[in-house]
Structures are given as C-alpha cells and as structure tokens.
Amino acid sequence: MNSKMTTIKPVMKRAVIYLRTSSNRQIDNTSLDTQEQICRNYCLTEGFEVIDIKKLEAVSAKETNTARAAELLEFCKRRKLRFDVLVVFKLDRFARSQEQHHWLRGQIMKMGIHLRSATERIDESPSGRLVEGVLAAVNEYDNAVRKERVKLAMWRLMDDGIWAWGHPPLGYKREKKVDRSDKLQAPVLDEQCSHHIQRIFELYSTGFYTLQALADYFKDNPVVNWKGKRYPIHRQFVQKIITRIFYTGHMLNSEGKIIKGQHPALISMDLFQKCQQ
C-alpha cells in the first residue's frame, strides 16, 4: 500500500505596517515612503504578508503622543484577529517613553499581535525582550534630550527679543512666511483685535472699571482675531492681559529680566505701570 507524504505549508503571518512621522521634515531622511519601502523589504524577508498600512503624519504640534498611542490601540482593536504582526520602521515610531511602550505592547499582545521593528532585531525571546527594553529606554532618553534642546533654543529666541512660545498673546499674530526660511519672525499687531486690548488698558487705568466690569463690557463687544476666532473675555483673562508686559513691546528673558522685544508696542510703558497700581 502506497502512502503519499503530504507537505503542510506554514501559514504566512499577516502583517500591518505602521508608519509615523514626527514632523513634515524628517531630519534623518526617513519619510513615509522611505519607511514603507524598508518595512516592506523586512516583511518580504521574514515571510510576512502585508495586508494593510497605517499611516500617521504629524499635522499639529498639539497632537500628543498619548493621543497617537490611543489611535493606534483603537486601530488594533478594530482589526483584532485580522493580522498577527505590527511592523514599525523603528521602535521610537511606536512609543516615546518606556512606560508607554511596555503598556501599549502589552495591550496589543493580549490581542495576539506581535510587535516587530524593520531596523531592530526584537522578538519574544529573553534576549529579544532585553534588546527591546534597552531600545525603549534609549528612545525615551533621546526624546527627553530633544525636548530640552528645543526648549533651550526657544529661550535663546526669547533672549533675542522674539516670542517663541507658540501663538503670541491676543492682539498679535504671526506673519505668513514669504520664503522657505525656518527663521521665526517676531509677532506683528493683529489689526482685527489689537484695539480691544488697548481699550482694556485705557478703561482700567481710569480707575472706574474693575476686572469684572471689563469682562461684562466685552460680553457685548466680542473680541475676534484675524482668523475669525472669538475669544470669551472673562475676569481672569482680563487680569492676565493687564499684567502682561509684552504689550509694551518688552518681554521677560530666560533670567526673568525685562528686555526690549522685536515686536511693536501696543501700549506705552506709562499706561502699563498705571494699570499695575
């Protein structure tokens, strides 16, 4: 009796490639296209079938790493049992801190999804987990160093008299760049609402208006900036405006000293001092 040996082919693991950029200009030249090609080559070498690609491009500085992690987790939940491996270009594209890395990895492992890096050798073996843990720690350190460097660079701008902390105070705006220079420019007056800020100082300096009275006044006189955004003027916001030396054309540097800013003054120093009395 002749019996034939049946060869059982191993089931190809299904993979999803997760691509993420931290800015529109990748300093290490790893754009989404570059990341995708390297990840596809890795999957081909490992015998993974690529069934989907999840792309996440940075669109705003306000978008937090926590929000991105939550979005990735939700993506995995919706596709639970549909794929076996999540492939990233590098582990720093997966998470920015050790705590977030191990928590997120644990969550997808519960769904039967394994994490793999196209450029770093990690797996579920003791040595693979050790390498992964070390890389997660290094990524957290690198991220912290980058944040500190950015902070120092911003303070250097402040020392030069240029507002560096995101949007300038109400009454000012950033000019649109007319060239491709990355140099940050000093804010200019927002003609749509700067007169309201002047009015707040002028009324308060008379001594006849309290902070609450000014807040009530602006309920009927809405403040709208150049983008059409309406600002609710409440008592605490009025106080914040009144005590902000920025409106005099000055600012505080990294040492807390008052220096001349490169932005135009909205009120005089005398008017500001009068409002502080």
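As shown above, the structure is provided for reference.
Since we're looking at a predicted model, the values are computed, not measured.

What counts, and at which threshold
- Residues numbered from 1 in each chain as written.
- Predicted model: local features only at pLDDT ≥ 70, side-chain atom pairs only at ≥ 80, totals over all residues.
- Heavy atoms only, no water.
- Axes fitted to C-alpha atoms, helices over the stretch in contact; angles between N-to-C directions.
- Helix = DSSP H or I, 4+ residues; strand = E, 2+ residues; numbered from the N terminus.
- Parallel < 35°, antiparallel > 145°, perpendicular 65-115°, else oblique.
- Contact = heavy atoms within 4.5 Å.
- Phe/Tyr/Trp six-rings, centres within 6.5 Å; stacked < 30°, edge-to-face > 60°.
- Buried < 20%, exposed > 50% of the residue type's maximum accessible area, 1.4 Å probe, protein only.
- Pairing = 2+ DSSP bridges.
- Lys, Arg positive; Asp, Glu negative; His and termini not counted.
- Salt bridge = Lys/Arg side-chain N within 4 Å of Asp/Glu carboxyl O.
- Polar contact = N/O pair within 3.5 Å; in protein donor to acceptor, adjacent residues only side chain to side chain.

Colleague: How should I be thinking about the packing of helix α3 (residues 98–110) against helix α4 (residues 126–159) in this particular structure?
Modeller: Each pair of packed helices can be described by the angle between their axes along with the distance between the axes. In the contact formed by α3 and α4, the axes pass within 8 Å of each other and the chain directions differ by 140 degrees. Here α3 lies oblique to α4, going by the angle between them. Along its contact with α3, which presents Gln-98, His-101, His-102 and Arg-105, the element α4 presents Arg-129, Glu-132, Gly-133, Ala-136, Ala-137 and Glu-140.

Colleague: Whenever I open this one, the packing of aromatic side chains confuses me. Can you help?
Modeller: Describing an aromatic ring pair means giving the distance of the ring centres and the angle of the ring planes. What the rule picks out here adds up to 9 aromatic pairs. Measuring from ring centre to ring centre gives 6.1 Å for Tyr-42 and Phe-48, while their planes differ by 70 degrees; the resulting arrangement is edge-to-face. Given the relative accessible area of 13%, Phe-48 is considered buried. On the numbers, 4.9 Å between centres and 90 degrees between planes, the contact of Tyr-217 with Phe-218 is edge-to-face. Of the aromatic side chains, those joined through ring pairs into one cluster are Trp-163, Tyr-172, Phe-201, Phe-246, Tyr-247 and Phe-272.

Colleague: Please explain the sheet that holds strand β1 (residues 14–20) as it appears in this structure.
Modeller: Strand pairing in a sheet is mediated by backbone hydrogen bonds. Such pairs are either parallel or antiparallel. Overall, parallel pairing links the 4 strands, which are arranged β2-β1-β3-β4 in an open sheet. Edge positions in the open sheet fall to β2 (49–56) and β4 (114–117), since each of these has one partner strand only. Taken pair by pair, the neighbouring strands of this sheet meet at an average axis angle of 25 degrees, ignoring direction. In the packing of helix α1 (residues 32–46) onto the sheet, contacts are made with β1, β2, β3 (85–88) and β4, and the angle to β1 comes to roughly 155 degrees.

Colleague: Help me out: how do you make sense of the side chain of Arg-96 in this one?
Modeller: Counting through the fold element by element, Arg-96 comes out in the loop between β3 and α3. The side chain of Arg-96 is buried and forms no salt bridge, while Asp-92, the nearest opposite charge, is found at 4.4 Å. One polar contact links the side chain of Arg-96 to the main-chain carbonyl oxygen of Asp-92, over a distance of 3.1 Å.

Colleague: Is there a simple way to think about the environment of Glu-71 in this case?
Modeller: Mapped onto the elements, Glu-71 comes out in helix α2 (residues 65–78). On a C-alpha basis, the gap between Glu-71 and Leu-56 in space is 9.5 Å, while along the polypeptide they are 15 residues apart. Polar side-chain contacts of Glu-71 include one of 3.1 Å to the side chain of Lys-54.

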